[in-house]
Amino acid sequence: EPEVTQTPSHQVTQMGQEVILRCVPISNHLYFYWYRQILGQKVEFLVSFYNNEISEKSEIFDDQFSVERPDGSNFTLKIRSTKLEDSAMYFCASSTGRKAFFGQGTRLTVV
Amino acid sequence: KQEVTQIPAALSVPEGENLVLNCSFTDSAIYNLQWFRQDPGKGLTSLLLIQSSQREQTSGRLNASLDKSSGRSTLYIAASQPGDSATYLCAVGGSGAGSYQLTFGKGTKLSVIP
């Protein structure tokens with residue numbers, strides 16, 4: 001079965017640093033998403049991306065966050081100036097508008 | 001705003017038992033509903049997808065039902081095995097323009113005792 005691939009699997013960064021989380025969605029999918037899961041809490045929606053632009057974003061997705069699809073295959077989430085509370089598992093997902101497929105996640109630790 | 005609740009939060013059963021996990025949601029105007037499995041520190045594996053027009057879906061020992069009008073879904077696991085031990089997440093799909101975002105419940109942590 002096709003997979004969503006995320007890199008790196010784990011990233012440790014200093015508070016205030018910029019991080020870029022990378023994802024390769026499934027090739028024929030049209031909708032791309034980022035979600036996050038703080039330890040012990042629910043998986044939360046951050047942003048959806050369709051037709052080369054953000055289609056929806058949550059209140060969590062503030063000016064510190066941005067997404068990009070720099071080429072035909074990659075989908076990235078950038079956090080401009082990380083805070084301790086950004087420590088979480090970040091999941092990328094893609095879909096055709098029906099079933100969503102999730103990557104294995106990137107565990108971000110901000111120290 | 002859609003809220004998804006899963007009951008119970010944790011469940012421990014002996015191997016071989018049949019079990020039911022419950023999910024409820026507050027807004028019945030959903031596009032679809034997915035059940036996922038999450039192993040500790042791992043990603044989300046999709047188990048079953050039910051479109052809003054459907055009543056149930058089956059895959060192997062798993063059966064998921066959907067009652068949109070009452071805002072409920074159940075995941076039935078037959079003849080449970082130790083390998084079924086994981087957290088099961090219910091996620092409800094909305095249908096905003098250009099987005100089919102999912103709203104998740106907190107999950108039911110299942111332990112199947114050999």
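Look a little higher up for the structure.
Basis of the calculations
- Residues numbered from 1 in each chain as written.
- Chains lettered and ligands numbered in written order.
- Predicted model: local features only at pLDDT ≥ 70, side-chain atom pairs only at ≥ 80, totals over all residues.
- Heavy atoms only, no water.
- Salt bridge = Lys/Arg side-chain N within 4 Å of Asp/Glu carboxyl O.
- Buried < 20%, exposed > 50% of the residue type's maximum accessible area, 1.4 Å probe, protein only.
- Helix = DSSP H or I, 4+ residues; strand = E, 2+ residues; numbered from the N terminus.
- Core = buried A, V, L, I, M, F, W, Y, C linked by side-chain atoms within 4.5 Å.
- Contact = heavy atoms within 4.5 Å.
- Buried area = accessible area lost by both parts, 1.4 Å probe.
- Polar contact = N/O pair within 3.5 Å; in protein donor to acceptor, adjacent residues only side chain to side chain.
- Nonpolar A, V, L, I, M, F, W, Y, C, P; charged D, E, K, R; others polar.
- Disulfide = S-S within 2.5 Å.

Draft legend 1. Representation of the pattern of salt bridges within the structure. For the structure on display, the rule yields three salt bridges over all chains. Notably, a salt bridge pairs Glu44(A) with Arg36(A), separated by 3.2 Å at the nearest N-O pair. Residue class for Arg36(A) comes out buried when judged on its relative accessible area of 10%. One salt bridge in this structure joins Asp84(B) and Arg61(B), with 2.9 Å as the shortest N-O distance. Here Asp84(B), found in the loop between β8 (72-77) and β9 (86-93), pairs with Arg61(B), found in the loop between β6 (56-59) and β7 (62-67); they are 23 residues apart in sequence, far enough to count as distant. Accessibility expressed as a relative area gives 29% for Arg61(B), which makes it partly exposed.

Draft legend 2. Broad picture of the nonpolar core. Counting residues in hydrophobic clusters, the biggest one holds 24 residues, and the most contacted among them are Trp34(A), Leu46(A), Phe61(A), Val67(A), Phe75(A), Leu77(A) and Tyr90(A). Counting residues per element, the ones that place at least two in this core are β3 (19-24), β4 (31-37), β5 (43-50), β7 (65-68), β8 (75-79), β9 (88-95) and β11 (106-110) of chain A. With near-sequence residues (within four places) excluded, Leu46(A) lies in contact with Trp34(A), Tyr35(A), Arg36(A), Glu56(A), Lys57(A), Ser58(A), Ile60(A), Phe61(A), Leu77(A) and Tyr90(A). Counting residues in each nonpolar core, the second largest holds 23 residues, with Cys23(B), Leu33(B), Ala86(B) and Val92(B) among its members.

Draft legend 3. Structural detail: the interface of chain B and chain A. At the junction of the two partners, chain B supplies 25 residues and chain A supplies 23 residues. For the pair chain B and chain A, the summed buried area comes to about 2,000 Å², and 52% of that belongs to carbon and sulfur atoms. Where chain B meets chain A, there are zero salt bridges. On the surface where chain B and chain A come into contact, there are nine residue pairs in polar contact (both at pLDDT 80 or more). Of all elements in the fold, only β4 (32-38), β5 (44-51) and β10 (102-104) of chain B reach the threshold of two or more residues within the side of chain B that touches chain A. Class assignment for the residues of the side of chain B that touches chain A results in ten nonpolar, twelve polar and three charged.

Draft legend 4. Just the state of the cysteines, in detail. Using the criterion set out here, one finds two disulfides over all chains in the structure. Between the sulfur of Cys23(A) and that of Cys92(A) lies a disulfide, 1.9 Å long from S to S. Around the S-S axis, the bridge from Cys23(A) to Cys92(A) shows a dihedral of about -65° and counts as left-handed. Taken together, the residues Cys23(A) in strand β3 and Cys92(A) in strand β9 connect sequence positions 69 residues apart. A residue is classified by how much of its surface remains accessible, and Cys23(A), at 1% relative accessible area, is buried. Given a relative accessible area of 0%, Cys92(A) falls into the buried group. Between the sulfur atoms of Cys23(B) and its disulfide partner Cys90(B) the distance amounts to 2.0 Å. Here the S-S torsion is close to -60°, and the disulfide linking Cys23(B) with Cys90(B) is therefore left-handed. Residue Cys23(B) is located in strand β3 (residues 19-25), and its partner Cys90(B) is located in strand β9; the two are separated by 67 residues in the primary sequence. For the pair formed by Cys23(B) and Cys90(B), the shared burial category is buried.

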